Amino acid sequence: MGRAHLRLLFAALALSVSACSVSAINVSLPISAPGNSQGLFPTLLSFSIEQDRWPDWAGTWARNEFTHNALSNYAALTGQPPNIRVGADSEDHTFWSPTVTIEEASFPPPNSVTPYPEATSITVGDAYYTLSRFLPRGTRMTWGVNLGADNVTNAVNMAKAIVGAFRSWSVQASGVVLERIEIGNEADLYKNNGLRPSNWTVEEYVPDWISVAGPVAEAAGISGRDGPVTLQGAAFAGQGFTPREIFDLGILDSAPGKAISVISQHRYSAAFCNGGDFPLISFMSKANVRGNLTVFEADIAATQAKGLLYILGETNSIACHGAPGVSNTAGAALWAIDYTLQAATLGIKETYFHEGVGYKYNFIQPITLNRSTIDGSPLNPPSPPHVQPSYYAGLLINTFIGSTKTSQIVELSVDDSNVSGYAAFEQDKLVRVAFINLNAWLLSSTGDRPSVHIDLDFAQGATADIDAFWHKGSATARRIIIDHADDTANLTWAGQSYETPDAHPAGRLVLEHVSLSEGIDLRATEAVLISF
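Along each chain, residues carry numbers from 1 onward, in the same order as the chain's sequence is written. Whole-chain, interface and lining totals are the exception, using all residues; otherwise, since this is a predicted model, local features are given only for residues with pLDDT of at least 70 and side-chain atom pairs are given and counted only at 80 or more. Side-chain calculation: all heavy atoms of the structure are included, whereas hydrogens and water are not.

A closer look at the environment of Glu-179
Part 1 of the argument: Secondary structure follows DSSP: runs of H or I at least 4 residues long count as helices, runs of E at least 2 residues long count as strands, and numbering of each begins at the N terminus. Along the chain, Glu-179 turns up in strand E9 (residues 177–183).
Part 2 of the argument: Note: C-alpha distance between Glu-179 and Val-216 (37 residues apart in sequence) is 15 Å.
Part 3 of the argument: The contact criterion used is simple: two residues touch if any of their non-hydrogen atoms lie within 4.5 Å. Apart from the residues within four sequence positions on either side, Glu-179 is in contact with Asn-83, Arg-140, Met-141, Pro-228, Val-229 and Thr-230.
Part 4 of the argument: Polar side-chain contacts of Glu-179 include one of 3.2 Å to the side chain of Arg-180. Pairing of N or O atoms within 3.5 Å defines a polar contact, subject to two protein rules: one partner must be a possible hydrogen donor and the other a possible acceptor, and residues neighboring in sequence count only if both atoms are side-chain atoms.

Here it is in structure tokens:
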């Protein structure tokens, strides 16, 4: 980009800010990693895929190029593709058969609340699992096994097919690896969905899980938590059952329990299972994001005390595939940034955002859709594969994490009820900061668009180091630009759109110059990443 073009860009940015209602805050940035900083995994942002539509995501006879490209964009930023978990509700409705090649599934009819319902029964063969070879090289996978059916033979057959697939030449050559097996999805809800009696308890869950997980681990050759393949424990819907309860009941002392390396819980902010109205403004709330995550602090601490990793193995905005006007909007992208980075500050090592086909909260719609994701009405013309607004969240998050695999995170103290801030460190030095303005600027908003001016102050380091930071004089910024929080398209990241036929970025990269002494402006419904 030429100097003249850059000057015009900066002038345009200054004019756009001057037309806004501006408030000012001062944010102190530690130049060295504080003692409460948390390590960042390159796979902090990962994905959970509904098991019934796995072939659509991966591809059947050839890889799904759109999926592959969209995931590879993320991998290019951290050096590691997002982890992929295949499971969820349909995990407990899946059966293996020697007579099925890939998959046979039965789906209920769509309706206006659930335009793309989950399959009620899925039968798979060995080739279903070898589709893993179509993911980007280096992808690590967690596969779900059916606990809900209470059928040990089927669970063992699924495990054998999974392990067999990853021992096959085609999967090994692809560089995609099996990391964990999960046995049962949201067992704390079995008493509500008919998979167990209505009075089923966590005291009954533990021996039930052991009775199935033991043969599964043996069939898969899993003997402990230090091997190449381990077990993923819990996978509870929330607080119905808790890791603390199953620890107290001795699950980790059992033979399969000794192979648990990771504890997973699931989290959504609300549920759209029967429809409803969910205001976007209250969803985009800094306070609500923190309230939704701090409920897990005791479980995180208990898990870490056992030497295990803690993850959100399934999460997203609003359960039952998302809510229209919220989950599919630009506002959800900003929510996802704050939610994911906030989770990391609490010691949650990975967040697996749940995806399906036609779900409102998808980051990625991997195939052509013939029905509206909002109300199930026919689409003419059909909607080709595309990314949705939340996809842009991953671009900022992964750029924030970086590619060194050594980065750490701490939340910044930001004296504004709408603005969140986070700092990233590498080799103990401040390298990047992110600010998210969750103030919802809507299509219906009137007057001047509010903006916050952020003055930067450097602290918590030797005087010479702080002086050296100021001596740099400038930094570089990338923004997620959004017209309105309730828009469902037309976002950009650093000037580029990813809403393209192949998920490759279009447009010229825009990097802003930031004077450290002058600070930066951040409009309502916007996010910025500053690199030092």
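Structural notes on unusual backbone geometry
Part 1 of the argument: In this chain, Asn-380 is followed by Pro-381 through a cis amide linkage whose omega measures 5°.
Part 2 of the argument: Residue placement: Pro-381 occurs in strand E18 (residues 378–383).
Part 3 of the argument: A positive phi is found at Gln-427, a non-glycine position, where the angle reads about 50°.
Part 4 of the argument: Within the secondary structure, Gln-427 is located in the loop between strand E21 (419–426) and strand E22 (429–437).
Part 5 of the argument: Located in the positive-phi region is Ala-503, a residue other than glycine, with phi close to 70°.
Part 6 of the argument: Mapped onto the elements of the fold, Ala-503 is located in the loop between strand E25 (492–493) and strand E26 (512–515).
Part 7 of the argument: Only protein chains enter the accessibility calculation, which uses a 1.4 Å probe. A residue is then buried if its area is under 20% of the maximum for its type, exposed if over 50%, and partly exposed in between. On the accessibility criterion, Ala-503 (0% relative accessible area) is buried.

Quick notes on a negative patch on the surface
Part 1 of the argument: Side chains of Glu-203, Glu-204, Glu-245 and Asp-248 sit close together on the surface and give a patch of like negative charge.
Part 2 of the argument: When contributions to the negative patch are tallied by element, the ones reaching two or more residues are helix H8 (202–220) and helix H9 (243–248).
Part 3 of the argument: Looking at where Glu-245 falls in the secondary structure, it is placed in helix H9. Only residues above 30% relative accessible area that lack a salt bridge enter a patch, with like-charged residues linked at up to 9 Å and the nonpolar side chains Val, Leu, Ile, Met, Phe, Trp and Tyr linked at up to 5 Å. In short, Shrake-Rupley with a 1.4 Å probe defines the accessible areas, and a residue's cover is counted only from the protein chains shown. Think of a salt bridge as a Lys or Arg side-chain nitrogen and an Asp or Glu carboxyl oxygen that are within 4 Å of each other. Counting rule applied: Lys, Arg positive; Asp, Glu negative; His and chain ends not counted. Positions of charges follow a simple convention, taking NZ of Lys, CZ of Arg, CG of Asp or CD of Glu.

Here we look at the state of the cysteines
Part 1 of the argument: The term disulfide is used for any two cysteine sulfur atoms that are within 2.5 Å. Tallied over the entire structure, the rule returns one disulfide.
Part 2 of the argument: Two residues share a disulfide in this structure: Cys-273 and Cys-320, whose sulfurs sit 1.8 Å from each other. Residues Cys-273 and Cys-320 are joined through a disulfide that is right-handed, its torsion about the S-S bond being 55°. With Cys-273 in the loop between strand E12 (270–271) and helix H10 (280–283) and Cys-320 in the loop between strand E14 (318–319) and helix H13 (330–345), this residue pair connects regions lying 47 residues apart in the sequence.
Part 3 of the argument: Look at Cys-273 and you get partly exposed, because its relative accessible area is 41%.

Some words on the packing of helix H3 (residues 65–78) against helix H14 (residues 391–401)
Part 1 of the argument: Axis definition: a line fit to C-alpha positions, over the contact stretch in the case of helices; interaxial angles, taken between N-to-C directions, run 0 to 180 degrees. At a minimum axis distance of 8 Å, the contact between H3 and H14 shows a crossing angle of 20°. The angle between the axes of H3 and H14 places the two elements in the roughly parallel class. H3 and H14 meet at a crossing whose hand is right-handed. Here Ala-70, Asn-73, Tyr-74, Leu-77 and Thr-78 of H3 come into contact with H14, specifically with Tyr-391, Gly-394, Leu-395, Asn-398, Thr-399 and Ile-401.
Part 2 of the argument: Under the scheme applied, nonpolar residues are Ala, Val, Leu, Ile, Met, Phe, Trp, Tyr, Cys and Pro; charged residues are Asp, Glu, Lys and Arg; polar residues are all the others, including Gly. Residues belonging to the contact of H3 with H14 are distributed by class as follows: six nonpolar, five polar and no charged. Should an angle lie under 35 degrees it is considered roughly parallel, over 145 roughly antiparallel, and from 65 to 115 roughly perpendicular; all remaining angles are considered oblique. Handedness of each helix crossing follows the sense of rotation of the near helix against the far helix: counterclockwise by less than a right angle gives left-handed, clockwise gives right-handed.

Some points on the sheet that holds strand E5 (residues 94–96)
Part 1 of the argument: Only strands that DSSP links by at least two bridges are regarded as paired with each other. Taking strand neighbours across the sheet as the criterion, the three strands line up as E5-E7-E6 in an open arrangement whose pairing is mixed. Of all strands in the sheet, those with a lone pairing partner are E5 and strand E6 (103–106), marking the two edges. Pairs of neighbouring strands in the sheet enclose a mean axial angle of 15°, with direction left out of account.

Details of the confidence of the model for the chain
Part 1 of the argument: With 96% of its residues at a pLDDT of at least 70, the chain reaches an overall mean of 95.
Part 2 of the argument: Across the chain, each position has a pLDDT score giving the predictor's confidence in that residue, from 0 to 100. Per-element mean pLDDT across the chain ranges from 37 in helix H1 (residues 3–18) up to 99 in H14.
Part 3 of the argument: A low-confidence stretch, residues 1–19 stays under pLDDT 50, and its non-local contacts, those more than four residues away or across chains, total 15 contacts.

Brief notes about H3
Part 1 of the argument: In a helix, the anticipated span is given by 1.5 Å times the number of residues less one. Here H3 is 14 residues long and its end C-alpha atoms lie 20 Å apart, about the 20 Å a rise of 1.5 Å per residue gives.
Part 2 of the argument: Taken together, the buried positions of H3 are occupied by Phe-66, Thr-67, His-68, Asn-69, Ala-70, Leu-71, Asn-73, Tyr-74, Ala-75 and Thr-78.
Part 3 of the argument: Looking at the buried positions of H3, the neighbouring elements they touch are strand E3 (45–50), helix H2 (54–58), strand E4 (84–87), strand E16 (364–365), strand E19 (386–387) and H14.
Part 4 of the argument: Two or three places before Phe-66, at the start of H3, stands the capping residue Asn-64, its side-chain oxygen 3.0 Å from that residue's backbone nitrogen.
Part 5 of the argument: Looking one or two residues beyond H3, the residue adopting positive phi is Gly-79, at roughly 80°.

Points about the sheet that holds E9
Whenever strands of a sheet pair, they do so through backbone hydrogen bonds, lying parallel or antiparallel.
Part 1 of the argument: Taking strand neighbours around the barrel as the criterion, the eight strands line up as E3-E4-E8-E9-E10-E11-E13-E15 in a closed arrangement whose pairing is parallel. Going across the sheet, the axis of each strand differs from the next one's by a mean of 25°, ignoring polarity.
Part 2 of the argument: Sheet analysis places strand E11 (residues 260–267) next to strand E13 (residues 309–315), joined by six bridges and oriented parallel. Residue pairing in the sheet places His-266 in a bridge with Glu-314 of E13.
Part 3 of the argument: Where helix H12 (residues 297–305) meets the sheet, its contacts fall on E11 and E13, and the angle it forms with E13 comes to roughly 135°.

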